[in-house]
Amino acid sequence: MKTENIKSLFEQFEAIVCDYNGVECWSARELHTLLGYTQWRNFLLVVDKAKSACANAGVNVADHFADVRSEERRVGKE
């Protein structure tokens, strides 16, 4: 990949960063098109694999995926 392409992608990536309580984070909805996925449902498969990889590595999935965290809150209230 050419240097100018990498710089452009980096700038696009940094342009969609969000600050959540002092922590940088990115919305999967915004990332999926930047990463070349034309359909959200195809990107969801990748997100599911990433969640599995976290779990297999012994990492708390809820620390890295907001939807998991919100699901845990709902379950805890029942």
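What counts and how
- Residues numbered from 1 in each chain as written.
- Predicted model: local features only at pLDDT ≥ 70, side-chain atom pairs only at ≥ 80, totals over all residues.
- Heavy atoms only, no water.
- Patch = residues over 30% accessible without salt bridge, like charges linked within 9 Å, V, L, I, M, F, W, Y side chains within 5 Å.
- Areas by Shrake-Rupley, 256 points an atom, 1.4 Å probe, with all protein chains shown as cover.
- Salt bridge = Lys/Arg side-chain N within 4 Å of Asp/Glu carboxyl O.
- Helix = DSSP H or I, 4+ residues; strand = E, 2+ residues; numbered from the N terminus.
- pLDDT = per-residue confidence, 0-100.
- Contact = heavy atoms within 4.5 Å.
- Phe/Tyr/Trp six-rings, centres within 6.5 Å; stacked < 30°, edge-to-face > 60°.
- Buried < 20%, exposed > 50% of the residue type's maximum accessible area, 1.4 Å probe, protein only.
- Core = buried A, V, L, I, M, F, W, Y, C linked by side-chain atoms within 4.5 Å.

Asks: Provide a residue-level description of a nonpolar patch on the surface, including the pertinent values.
Replies: A surface patch of nonpolar side chains, about 320 Å² in accessible area, is lined by Met1, Ile6 and Leu9. By the element assignment, Ile6 lies in helix H1 (residues 3-15).

Asks: An account of the confidence of the model for the protein is requested, with residue identities and associated values reported.
Replies: Chain-level pLDDT for the protein is 84 on average; 86% of the residues reach the 70-or-more range. Mean pLDDT per element in the protein: helix H4 (residues 66-77) is the minimum at 52, and helix H3 (residues 40-56) is the maximum at 93. Across residues 70-78 the pLDDT falls below 50, and counting only partners more than four positions away or on other chains, this stretch makes one contact in the model.

Asks: I'd like a rundown of the environment of Cys54, residues and numbers included.
Replies: Relative to the elements of secondary structure, Cys54 occurs in helix H3. A C-alpha to C-alpha distance of 10.0 Å links Cys54 and Phe65, two positions 11 residues apart in sequence. Filtering out sequence-adjacent residues up to four positions away, Cys54 remains in contact with Val59, Val61, His64 and Phe65.

Asks: Can you break down the packing of aromatic side chains residue by residue, with the values?
Replies: As enumerated under the stated definition, the model contains three aromatic pairs in all. Centroid distance Phe13 to Trp26: 4.5 Å. Interplanar angle 15°. Geometry classified as stacked. Taken together, the residues Phe13 in helix H1 and Trp26 in the loop between strand E2 (23-25) and helix H2 (28-34) connect sequence positions 13 residues apart. Judged by its relative accessible area of 29%, Phe13 is partly exposed.

Asks: Give me the nonpolar core: which residues, what numbers.
Replies: Soluble globular proteins tend to pack their nonpolar side chains together in the buried interior. Core analysis: the biggest nonpolar cluster contains eight residues, these being Ile16, Leu31, Leu34, Phe43, Val47, Cys54, Val61 and Phe65. Among the elements of the structure, H2 and H3 are those that each provide at least two residues to this core. By residue number, the principal contributor to this core is H3, which donates three residues. Setting aside anything within four residues of it in sequence, one finds Leu34 in contact with Leu9, Gln12, Phe13 and Ile16.

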